[in-house]
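Okay, here's what each chain looks like letter by letter:
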Amino acid sequence: MPDLVDLGANHLLAQGVKHGEHQGSSPDRVSMVRSVDGSGGMSKLHVGYVRKAIEERFTGLIDMTDQARLSDDKRHQAFLSRGLAALAVQIEHPCSDRAAAISVFDGQDDRGLDSIAVEVRSAQPRICLVQAKWSDQGKGGFGEAEVHKMIQGLNLMLDRHFTKFNSRFQPFVPDIERAYEVGTPKITLVLALMRTAPISQDVRELLEEKVAELNQVEEMVEYKILDLRDFHRAILGDAAAPRIDAKVRLDGFVQESTPYKALYGTMTVPDLADLYGEHRRGLFARNIRDSLDLTDVNIKIRNTLLEQPEHFWYFSNGITMLCETIKPVGKAVPGKVGDFQLTGASVVNGAQTVSAIHRAYTADPDTAQYGRVMVRLISLEDCPPGFGDHVTTTTNTQNPIEERDFKSLDSGQVQLRDDFALLLHLSYVIKRGETTPEPEHGCSMAEAAEALAATSPNAQLAAVAKRDQNLAGLWEDETYQEIFGQTPNAFRVWRCVQLLREVRTQLQALRDGLLWRADAAAFYGDLLVTHIVFRRLNTRSIEDPEYDWSAELAKVPDLVRDTLAWSLTAIDEEYGKSSHIIAAVRNTERIERVVRAALRGLDSGRNAPALEDNYQVTEVETRGRQVNAVTTLIAKGRIPEGTVLEYRPYSKPERRDMTEWLAEDPKRSLATWSNDGGRYPLQWHADEEWYSPSGLAREMRRRASGVTSSVQGTLRWFVPGEGSLDELALAVRLEEGLDTEDGAAGG
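Bear in mind the structure is a predicted one, so any value in this text is a computation, not a measurement. (Residues numbered from 1 in each chain as written. Predicted model: local features only at pLDDT ≥ 70, side-chain atom pairs only at ≥ 80, totals over all residues. Heavy atoms only, no water.)

Undergrad: Provide a residue-level description of the pairing of strand β4 (residues 221-226), including the pertinent values.
TA: As paired elements, strand β3 (residues 186-193) and β4 share six bridges and run parallel to each other. Its bridge partner lying in β4, Leu191 is registered against Ile225. Where the polypeptide runs from β3 across helix α8 (residues 201-214) and back to β4, its parallel neighbour, the crossover connection is right-handed. (Pairing = 2+ DSSP bridges. Helix = DSSP H or I, 4+ residues; strand = E, 2+ residues; numbered from the N terminus. Right-handed = clockwise from strand over helix to strand, strands pointing away.)

Structure, rendered in structure tokens:
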């Protein structure tokens, strides 16, 4: 899929302003934004502005080929709805018009979702899923049915049922899988509604209930509503940002004048809380991230202010504000208290601090009033063009100090580093930023912590480690001590790292042949499986330098296979086949129950349970060949002549080999069905030749990657909105009371 192109915080969607600069000056445009809050004719007027922006940006870019049979009016309404979905993606993930248009997959088999953006390059992967509702009258509807569809689509995505989605969704699957693999993604459900009225309370409560269910283990999913006001602000770009003029007081201020004018000093918590209370999020118009109100960082900031307000100045990194001008009010002597009039002020770094200050002061003003914070004011009046943007970017990209950074100072870690070098002749990296050694030459403190958590007698630690890609929970003092102990042994640490690596290698090898829940279990369950495997090995002498650990590692492949089967069976039996695998491995109570059940199975001496057929690629392929789907479908006339079918990669290896190749030419994913074609009912759009479903699937794989393999094409070719050829043929045979297990091979 195309990369999201960062347009810069101040340029976000501002290209919409350029189409018709004659409409008026910035103040007029700002007043128009505020008037959207009204009703009646003014709302319809602003709907027109958004419509015009969508038409100018996305005409010719958004795929409308599937709507060709609609009337002109209905097709244009569908285009506007898709354009709104693209615009929502641009608001959430700044990108070019073309990238936003490609993000739209609205249509048959969209599963209640209209567009998607995936960001895997940030510290935490982000997935944005949009459902859009257009209305010429500014009354875009969104009810309980839409909530259920949206959540169902998200659940399918979390369970890796990617073939349930249409072909326009498929190019995003590799990025979704990468987001899953990097760590727990932050998933934002965006309701893009062309309306000004709030959604009904019943709908909001249902949405919050569904999101809460998904967040039982950790805060992974959030929802956001974008309405007419948001879209109108977006198309105006910078012109929609309110101009903030304010008077502030700095204690003990210092002035810089070369090369540019700036001041820094201390502000009180009450003054900052009042400033935010008056201007709210308008203060963050130039900030990259807004205030991220519900993050762990904000909670920690707020708690510090409420528990140790006198220490807040020392613990906070401070706040940076850009201003068009800074003027002293009265006499201002450096080193003393000074009052200053700011024009065009915006917080560009420290938005989370300001927001947390306001919340803390509102909750407990008597305590929070004693807090103070360092504030830096930078005047842009004599700065070169673009300097403000540069300040915004650089102040937001410096690496923050994390809890694990303090642990690198622990004497136990220093001793481990020395022991690795002296006893094992390996490297042990304890500081972030240092080069991580090649696997055969050592490991990092983070990898060691993860391995020790997985192999701890306390299975809950494996769940804690799995919750956060930065292993944040492992660096809390009590957990850290439980993992490493007072004097960690280098041989134990290194052997646990080796075990975790070997388990992951074996699980990765298994994943190519697994589907759906089994694939998810093999991916998310790496620490769960490592924990169980470790408990099945002879580890009594693991700290002995002479111990033959390689003999134990040789047992890992068979143990991993059996452990995965018992673990998945335990999850299915304990929590049901519709439960999320991710919840079982990240919830401390659930992981303990799964571990106990899996160990009972392994200790019983019985063979590991066979994975269900629909969890394995080879079993599904074999089952599909038992019934000639093509013959069944043609005899029944189930598929109308001329129906266009979509190809959807079925397994992880296929997605890896074929996704980019399919995206290069949309014709490669399409074929037309003919009931007169006999054994060759598919005419491939890429070369106009006739194929059987399996023959075409095999030829496509060969052209994409050079791989020649026997595949069941009826599992990969879909009638949009109805299902795969295999599913349709099975339904026909069930309707007619035919045996679904017998029949000639083919298809």
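Undergrad: Outline the side chain of Glu146, listing residues and values.
TA: Take Glu146: it is sitting in helix α6 (residues 144-158). Notably, Glu146 is buried but unbridged: the nearest opposite-charge side chain belongs to Lys133, and the N-O separation is 4.0 Å. At 2.8 Å, the side chain of Glu146 and the backbone nitrogen of Gly143 are in polar contact. Not counting the four nearest positions on each side in its chain, Glu146 is found in contact with Gln131 and Lys133. (Buried < 20%, exposed > 50% of the residue type's maximum accessible area, 1.4 Å probe, protein only. Lys, Arg positive; Asp, Glu negative; His and termini not counted. Salt bridge = Lys/Arg side-chain N within 4 Å of Asp/Glu carboxyl O. Polar contact = N/O pair within 3.5 Å; in protein donor to acceptor, adjacent residues only side chain to side chain. Contact = heavy atoms within 4.5 Å.)

Undergrad: Describe the packing of helix α18 (residues 445-455) against helix α23 (residues 526-536), naming the residues involved and giving the relevant values.
TA: In the contact formed by α18 and α23, the axes pass within 7 Å of each other and the chain directions differ by 60°. By the criterion of interaxial angle, the relationship of α18 to α23 is oblique. In contact with Glu450, Ala454 and Thr455 of α18, α23 contributes Leu527, Thr530, His531 and Phe534. Each residue belonging to the contact of α18 with α23 can be placed in one class, and the counts come to three nonpolar, three polar and one charged. (Axes fitted to C-alpha atoms, helices over the stretch in contact; angles between N-to-C directions. Parallel < 35°, antiparallel > 145°, perpendicular 65-115°, else oblique. Nonpolar A, V, L, I, M, F, W, Y, C, P; charged D, E, K, R; others polar.)

Undergrad: Run through the packing of aromatic side chains, naming residues and quoting values.
TA: Within this structure, the stated rule accounts for 16 aromatic pairs. Considering the side-chain rings of Phe420 and Tyr428, the 4.8 Å spacing of their centres and the 40° angle between planes classify their relative orientation as tilted. Here Trp475 and Tyr480 contribute two aromatic rings whose centre-to-centre distance is 6.5 Å and whose plane-to-plane angle is 40°, an arrangement assigned as tilted. Given a relative accessible area of 2%, Trp475 falls into the buried group. One aromatic cluster is present, built from ring pairs that chain together Phe105, Phe165 and Phe169. Over the face of the ring belonging to Tyr575 we find Arg590, whose NZ or CZ atom lies 4.4 Å from the ring centre. One Lys or Arg, Arg648, reaches over the ring of Phe718 and ends 4.4 Å from the middle of that ring. (Phe/Tyr/Trp six-rings, centres within 6.5 Å; stacked < 30°, edge-to-face > 60°. Lys NZ or Arg CZ within 6 Å of the ring centre and 35° of its normal.)

Undergrad: For the nonpolar core, give the residues involved together with the corresponding values.
TA: As a rule of thumb, nonpolar side chains are buried together in soluble globular proteins. Ile116, Ile127, Met157, Ile176, Phe420, Tyr428 and Phe484 are the most contacted members of the largest nonpolar core, which totals 109 residues. Among the elements that take part in this core, helix α21 (residues 490-511) stands out by supplying 10 residues, more than any other. Contacts of Met157, omitting those with residues within four sequence positions, involve Ile116, Ile127, Leu129, Phe162, Phe165, Phe169, Ile176 and Tyr180. With 35 residues, the next largest nonpolar core counts Ala99, Ala100, Val104 and Val130 among its residues. (Core = buried A, V, L, I, M, F, W, Y, C linked by side-chain atoms within 4.5 Å.)

Undergrad: For the sheet that holds strand β18 (residues 717-719), give the residues involved together with the corresponding values.
TA: Taken together, the six strands give an open sheet; going across it, the order is β17-β16-β15-β14-β18-β19, and neighbouring strands pair in antiparallel fashion. Edge positions in the sheet fall to β17 (690-691) and β19 (723-724), since each has one partner strand and no second.

Undergrad: Requested: an account of empty space enclosed by the protein, with residues and values cited.
TA: Over the atoms rolls a probe the size of a water molecule, and its path tells where empty space is left. According to the stated counting rule, one finds five cavities of 30 Å³ or more in the structure shown. Looking at the second largest cavity, its volume works out to about 50 Å³. If you trace the second largest cavity, you find it lined by Arg160, Leu514, Leu515, Trp516, Asp519, Tyr650, Ser651, Lys652 and Arg655. Those elements that place two or more of their residues in the lining of the second largest cavity are α22 (516-524) and α30 (652-664). Taken together, the residues of the lining of the second largest cavity sort by class into four nonpolar, one polar and four charged. (1 Å grid on protein atoms, 1.4 Å probe; cavity = no way out; pocket = protein on both sides within 12 Å on 5 of 7 lines; lining within 4 Å. Points joined across faces, edges and corners; volume = space filled by probe spheres on them.)

Undergrad: Before we move on, could you go through the sheet that holds strand β9 (residues 338-343) and cite the residues and values that matter?
TA: Spatially, seven strands are ordered β8-β9-β5-β6-β11-β7-β10 in an open sheet, and the strand pairing comes out mixed. The sheet terminates laterally at β8 (325-328) and β10 (346-349), the two strands that pair on one side only. Averaged over all pairs of adjacent strands, the angle between their axes in this sheet comes to 40°, without regard to strand direction. One ladder, built from seven bridges, connects strand β6 (residues 262-268) with strand β11 (residues 372-379); its direction is antiparallel.

Undergrad: Please give an account of the environment of Gly677 that cites residues and values.
TA: For Gly677, the position within the fold is in the loop between β15 (670-673) and β16 (682-684). The class for Gly677 is partly exposed, based on a relative accessible area of 21%.

Undergrad: Talk me through the confidence of the model for the protein chain; I want residue IDs and the actual numbers.
TA: Mean pLDDT over the protein chain works out to 82, with 86% of the residues at or above the 70 mark. Averaged pLDDT values for the elements of the protein chain fall to 36 in helix α1 (residues 15-18) and rise to 95 in β16. pLDDT under 50 marks residues 288-297. Its contacts with residues more than four places away, or in other chains, come to 25 contacts. Scored below 50 in pLDDT, residues 622-627 makes 21 contacts in the model with residues more than four places away or belonging to other chains. (pLDDT = per-residue confidence, 0-100.)

Undergrad: So what about a negative patch on the surface? Which residues, and what values?
TA: Taken together, Glu144, Asp202, Glu205 and Glu208 make up a surface patch of like negative charges. In terms of residues, the negative patch owes the most to one element, α8, which gives three residues. Along the chain, the position of Asp202 falls in helix α8. (Patch = residues over 30% accessible without salt bridge, like charges linked within 9 Å, V, L, I, M, F, W, Y side chains within 5 Å. Areas by Shrake-Rupley, 256 points an atom, 1.4 Å probe, with all protein chains shown as cover. Charge placed at Lys NZ, Arg CZ, Asp CG, Glu CD.)

Undergrad: How would you sum up the packing of α30 against helix α31 (residues 693-705)? Please name residues and give values.
TA: Here α30 crosses α31 at 75°, and the two axes come no closer than 9 Å. When the axis of α30 is compared with that of α31, the two are roughly perpendicular. Contacts from Pro653, Glu654, Asp657, Met658, Trp661 and Leu662 in α30 reach Met700, Arg701, Arg703, Ala704 and Ser705 in α31. For the contact of α30 with α31, the class distribution of residues is six nonpolar, one polar and four charged.

Undergrad: Run through the environment of Val269, naming residues and quoting values.
TA: With respect to the helices and strands, the residue Val269 is situated in helix α10 (residues 269-279). Taking relative accessible area as the criterion, Val269 reaches 0% and is therefore assigned buried. Counting along the chain gives 91 residues from Val269 to Ala360, while the straight-line C-alpha distance between them is 9.3 Å. With near-sequence residues (within four places) excluded, Val269 lies in contact with Leu305, Ile357, Tyr361, Ala368, Gly371 and Arg372.

Undergrad: Can you tell me about the pattern of salt bridges, naming the residues and giving the values?
TA: By the definition in use, this model includes 39 salt bridges. When the shortest N-O distance is used, the salt bridge between Arg82 and Asp106 registers 2.7 Å. Here the residue Arg82 occupies a position in helix α4 (residues 72-92), and Asp106 occupies one in the loop between α5 (97-102) and β1 (115-119), the gap between them amounting to 24 residues. Looking at Asp106, the relative accessible area reads 17%, which means it is buried. Between Glu722 and Arg638 there is a salt bridge, with its nearest N and O atoms 2.7 Å apart.

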